Amino acid sequence: MSSNPIDWFQNGNSRSPEALSSVAETEEFDFSKALDRPRALNIERQRSCDDRSLSELSIGFSPRHLVIKADNFSRLGDHFDQLNSPVPKSGLNTPRSMTLESHPLTSEAWEALRRSLVYFRGQPVGTIAALDNSDEKLNYDQVFIRDFVPSALVFLMHGEPDIVKNFILKTLRLQSWEKKIDRFQLAEGVMPASFKVYHDPVRNHETLIADFGESAIGRVAPVDSGFWWIILLRAYTKATGDSSLAELPECQKGMRLILSLCLSEGFDTFPTLLCADGCCMIDRRMGVYGYPIEIQALFFMALRCALQLLKQDAEGKAFMERIVKRLHALSYHMRSYFWLDLKQLNDVYRFKTEEYSHTAVNKFNVIPDSLPDWIFDFMPHHGGYFVGNVSPARMDFRWFCLGNCIAILSCMATPEQSTAIMDLIESRWDELIGEMPVKVCYPAFDSNEWVIITGCDPKNTRWSYHNGGSWPVLLWFLSAASIKTGRPQIARRALQIAESKLLKDNWPEYYDGTQGRYIGKQARKFQTWSIAGYLAARMMLDDPSHLGLVALEEDKQLKPLLKRSNSWTL
């Protein structure tokens, strides 16, 4: 094999970005054929209802105004039936067991999603976080990058990529703004957490207002926004088969700026990305500072997506070399040190401490006495997962849904580890799924631990919000991971549970309780990513070829020489 990393993914004289940028692929997964060819989508919008009537629901008005205006949708009748008709089946043979009958909840979800559209100067640019009619608006009247991702996937799967294209270009424009917080200037590549459309009624003029963390609770800049932007750009390219958007000089520069931030050299001795609390979906103090699994998995996936999107010019090749080197180190680190199953738990339980030199087994000096009592009963005989965090003298043993599902979709997890993660979910169904999918993390902090780690945050009391709450948006992550591992019955079972409550409860943001039995005490209703997460999950189950938008194939070059544990399939 060539010592030059760029040679690993060059493919003869082909000049297509994918041929030159993709890392080696295999056909181990049934969905691989769906990933090879982008499906041609009909991107011509149906004019079954007047665009002008929809644009009146723009975020230029208040959420209260939006809800009042939304009543007009009840009079559109059959127009929405045509607009929301199921997307045609792909040419692939969909297994019978993975096909679902049309559910009446989907039409209600589509209507709610249409109501959430945000318009800027006549064009849709995203979806509002929540159509909440409460007096306390906070920032739920904005378009969040991470929140919009499931909405974007739904629109792509439905053959409406223009909304996603507009969103990508508008957020790219916001990235170029000068960003200052308390006289401190943020890095050029930082993407906003959210933005809103401000309508000046006097001048009859609309402008965008972005939040880079200066208005957020805790004043934390979002690390995940840039990664989601790259992942979404790749999904758009895959859905449309059109690479012209990604090849725009502005998009190439935006990617390079994001990559410059996370690939920069410093004092780190680990290939993982050092982050503050509140920098991701877990957006409040929850002890995820350091190297949270969610960010590491998104980092890994964004790097692999960037390999497919970067152009083969001098700057692009330079970044590709850096990406390949980082991916090799990151995959080894995550698969070796973040992975926990019964065998590894036994090893940690018997760790020696204060080991010195490169021969140390306990490389992070994790004290065995720090093992929490719950982990011994939680760990099944067959199953495993990536723990929440690993850093010097600290291992966060909590299970986080988003990070583990992205690890499967990005192939940060090996096929054996992916199977073990799904084994764990089935083995611990009541704890992780319960009466409303899916727990954002498990278990919850309580008592003195809650006081110290969350700072007495009243929103993050035990089994609520991000402290063990259940989030319907995570349905699409679970469904995608289930399909990719050949276990669609897991997604189908979880979806049936959610369908019994979501519409009746008005699409809450999250649920409380050990089983997710109660609507969250501060949960907003008509939460857009709860709606879109359900639609994305159902559409993927109905047509698994959609999985290609968010799933990558295994790269043989990144396959580690790791000893199998007793939880891996032999």
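Residues numbered from 1 in each chain as written. Predicted model: local features only at pLDDT ≥ 70, side-chain atom pairs only at ≥ 80, totals over all residues. Heavy atoms only, no water.

In the nomenclature of an unreviewed UniProt entry, the protein chain is known as Alkaline/neutral invertase of Abrus precatorius. Here the protein chain is described in UniProt, under the heading Sequence similarities (unreviewed entry), as follows: "Belongs to the glycosyl hydrolase 100 family." (UniProt positions renumbered as here; feature names shortened; annotations may be inferred.)

**Some points on the packing of helix α9 (residues 224-240) against helix α11 (residues 293-309)**
Close contact between α9 and α11 brings their axes to 9 Å; oriented N to C, the two are set at 40°. Put simply, α9 runs oblique to α11. At the point where α9 passes α11, the crossing takes the left-handed sense. Listed contacts from α11 to Asp224, Phe227, Trp228, Ile230, Ile231, Leu233, Arg234 and Thr237 of α9 are Glu294, Ile295, Leu298, Phe299, Met301, Ala302, Cys305, Ala306, Gln308 and Leu309. Here the contact of α9 with α11 is built from residues that sort into 13 nonpolar, 2 polar and 3 charged. (Axes fitted to C-alpha atoms, helices over the stretch in contact; angles between N-to-C directions. Helix = DSSP H or I, 4+ residues; strand = E, 2+ residues; numbered from the N terminus. Parallel < 35°, antiparallel > 145°, perpendicular 65-115°, else oblique. Left-handed = near helix turned anticlockwise from the far one by under 90°. Contact = heavy atoms within 4.5 Å. Nonpolar A, V, L, I, M, F, W, Y, C, P; charged D, E, K, R; others polar.)

**Re the sheet that holds strand β6 (residues 194-200)**
Strand order in the open sheet made by the 3 strands is β3-β6-β7, with antiparallel pairing throughout. Every interior strand has two partners, whereas the edge strands, β3 (143-144) and β7 (205-211), have only one. As judged from the 7 bridges shared by β6 and β7, these two strands associate in the antiparallel manner. Each residue of the ladder has a partner; that of Tyr198, found in β7, is Thr207. (Pairing = 2+ DSSP bridges.)

**Let's talk about the sheet that holds strand β10 (residues 394-400)**
Spatially, β8-β9-β10-β11 is the arrangement adopted by the 4 strands of the open sheet, whose pairing is antiparallel. Pairing within the sheet leaves two strands with one partner each, and these edge strands are β8 (339-341) and β11 (441-442). Inspection of the sheet shows strand β9 (residues 384-391) paired to β10 by 4 bridges, in the antiparallel sense. In the strand pairing of β10, Asn389 is matched with Asp396. In the packing of helix α16 (residues 415-427) onto the sheet, contacts are made with β8, β9 and β10, and the angle to β9 comes to roughly 100°.

**Some details on the layout of surface pockets**
Here the largest pocket defines a volume of roughly 810 Å³. Taken together, 30 residues line the largest pocket, and the ones lying closest to its centre are Leu261, Cys262, Ser264, Leu273 and Leu274. Among the secondary structure elements, those contributing two or more residues to the lining of the largest pocket are α9, α10 (249-263) and α12 (314-338). Considering every element that reaches the lining of the largest pocket, the biggest residue donor is α10, with 4 residues. Residue composition of the lining of the largest pocket, grouped by class: 20 nonpolar, 6 polar and 4 charged. (1 Å grid on protein atoms, 1.4 Å probe; cavity = no way out; pocket = protein on both sides within 12 Å on 5 of 7 lines; lining within 4 Å. Points joined across faces, edges and corners; volume = space filled by probe spheres on them.)

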